[in-house]
Amino acid sequence: MKKQFKLGVIGCSFFSNAVLRGVVLSDLIREKKIIVSDENGEELDKLDYLGVKTTLNHRFVAENSEFLLFAVKPKKFDEVAKELEGVRPEKVISVMDVLTKNHIKNSLGVGLIKVARCVPNLPCEIGSGAIGLDMSDFNKSSDDCDFISSVFNTLGMVVSVEESKLAAVNGVSCGGSACTFMFIDSLIEAGVREGLTKNEAKILAVQTVLGCAEMVQREENSVEELTLLACNKGGASAGTVKALEEKGLRGAVGSAVEVCATRLKGQNN
């Protein structure tokens, strides 16, 4: 039987709200075909500007949505699943980073449902995210895969991976976001120490990171080749690379990514 809503969302979270903005403002899904539930009415009120339907009733959302997106806090999911006892959702999407597909299926008591898992990062907030997405349960339906991909494409760049790789995705894209912000902040601080104003240093640091990222994305040269080119452009740059190597930049970044990835690996074992 055809469902009343194309997309149902359980939980008003940072990432679910980003998804809602993305799909509505891109016209991917009409507002009247989306419904959102949360136990906090004040959080639902914040969605008024999008025109989507809202409710406090999780069961109503689960029963009447073709795709059901869970965005509650992972520790609250089992509690929500109990509220849905007897409901049989067929197509589930999760942005709850640490919960595996098997955990979600077992909690819902429906072994045959299809579950897609998404690991988004902070820049999804502005449509420039890096997103890992496992859709292997939906491989037999290209239409479903296209729809799920389209939902997250509104938030940035999607990389389709196996569930076993989502921990690494979390390390690189989520942990990497924190690393990048810290690196930019470090450049700004260093620029100020060398005599720039904070605003001058911020402009230069941000544009440098943006420009370098764009050069890497074009894939005309490898990252290693670009590093050498940057050093060759001016003699002083070679010294900066040596200083970073001596201070252990690669090891520090590797450790940061590993710590972030381990959080998901522990849950997936």
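Below is a short write-up of the structure. (Residues numbered from 1 in each chain as written. Predicted model: local features only at pLDDT ≥ 70, side-chain atom pairs only at ≥ 80, totals over all residues. Heavy atoms only, no water.)

**Some remarks on the packing of aromatic side chains**
Counting across every chain of the model gives four aromatic pairs. Centroid distance Phe67 to Phe147: 4.5 Å. Interplanar angle 35°. Geometry classified as tilted. Here Phe67, found in strand β4 (residues 65-70), pairs with Phe147, found in helix α6 (residues 142-153); they are 80 residues apart in sequence, far enough to count as distant. Accessibility expressed as a relative area gives 0% for Phe67, which makes it buried. Judged by centre distance (5.1 Å) and plane angle (90°), the ring pair of Phe70 and Phe77 falls under edge-to-face. Residues Phe70 and Phe77 agree in their burial class; the two are buried. The cationic tip of Lys6 hangs over the ring face of Phe147; the distance from NZ or CZ to the ring centre is 4.8 Å. (Phe/Tyr/Trp six-rings, centres within 6.5 Å; stacked < 30°, edge-to-face > 60°. Helix = DSSP H or I, 4+ residues; strand = E, 2+ residues; numbered from the N terminus. Buried < 20%, exposed > 50% of the residue type's maximum accessible area, 1.4 Å probe, protein only. Lys NZ or Arg CZ within 6 Å of the ring centre and 35° of its normal.)

**Remarks on the pairing of strand β5 (residues 91-94)**
Across the two faces of β5 the burial is the same, with Lys91 and Ile93 and Val92 and Ser94 all buried. Following the chain from β4 across helix α4 (residues 74-83) to the adjacent parallel β5, one finds a crossover that is right-handed. Where β5 lies against strand β6 (residues 114-119), four bridges are found, and the strand directions are parallel. Its bridge partner being in β6, Val92 is matched across the sheet by Val115. (Right-handed = clockwise from strand over helix to strand, strands pointing away. Pairing = 2+ DSSP bridges.)

**Things to note about the environment of Val172**
Within the fold, Val172 resides in helix α7 (residues 166-193). Assessed through its relative accessible area of 58%, Val172 is described here as exposed. Separated by 84 residues in the primary sequence, Val172 and Ala256 place their C-alpha atoms 9.1 Å from one another.

**Some remarks on the pattern of salt bridges**
Within this structure, the stated rule accounts for 14 salt bridges. Linking Asp137 and Lys101 is a salt bridge whose minimum nitrogen-to-oxygen distance equals 3.3 Å. Of this pair, Asp137 sits in the loop between β7 (129-134) and α6 while Lys101 sits in helix α5 (residues 101-108), and the two are 36 residues apart along the sequence. Given the relative accessible area of 23%, Asp137 is considered partly exposed. (Salt bridge = Lys/Arg side-chain N within 4 Å of Asp/Glu carboxyl O.)

**Notes on α6**
Along its twelve residues, α6 runs 16 Å from first to last C-alpha, staying within 8% of the 16 Å computed at 1.5 Å per residue. All of the buried residues in α6 are Asp144, Cys145, Phe147, Ile148, Ser149, Val151 and Phe152. (Expected span 1.5 Å × (residues − 1).)

**Observations regarding unusual backbone geometry**
Here the phi dihedral of Asp27 falls at roughly 65°; this positive angle occurs in a residue that is not glycine. Within the secondary structure, Asp27 is located in the loop between α1 (14-25) and β2 (34-37). According to the relative accessible area criterion, Asp27 is exposed, its value standing at 67%.

**Side note on the sheet that holds β2**
Here eight strands make up an open sheet; going across it, the order is β3-β2-β1-β4-β5-β6-β7-β8 and the pairing mixed. Looking at which strands have only one partner, the edges of the open sheet turn out to be β3 (53-55) and β8 (156-160). Ignoring which end each strand starts from, the neighbouring axes of this sheet average 20° apart. Pairing between β6 and β7: three bridges, direction antiparallel. Within β7, the position partnered with Arg117 by the bridge is Asp134. (Axes fitted to C-alpha atoms, helices over the stretch in contact; angles between N-to-C directions.)

**Observations regarding the packing of α4 against α5**
At a closest axis distance of 9 Å, the pairing of α4 and α5 adopts a crossing angle of 35°. Residue-level inspection shows Phe77, Asp78 and Ala81 of α4 in contact with α5, the latter providing His103, Ile104, Ser107 and Leu108. Classifying every residue of the contact of α4 with α5 gives four nonpolar, two polar and one charged. (Contact = heavy atoms within 4.5 Å. Nonpolar A, V, L, I, M, F, W, Y, C, P; charged D, E, K, R; others polar.)

**A few points about the nonpolar core**
Membership of the largest hydrophobic core comes to 34 residues, with the highest contact counts inside it found for Ile34, Val36, Leu69, Ile148 and Phe152. Setting aside chain neighbours within four positions, we find Phe152 in contact with Val19, Leu69, Ile93, Val95, Cys118, Ile131, Leu133 and Val158. Listed in part, the 28 residues of the second largest apolar core include Phe5, Val61, Leu68 and Val80. (Core = buried A, V, L, I, M, F, W, Y, C linked by side-chain atoms within 4.5 Å.)

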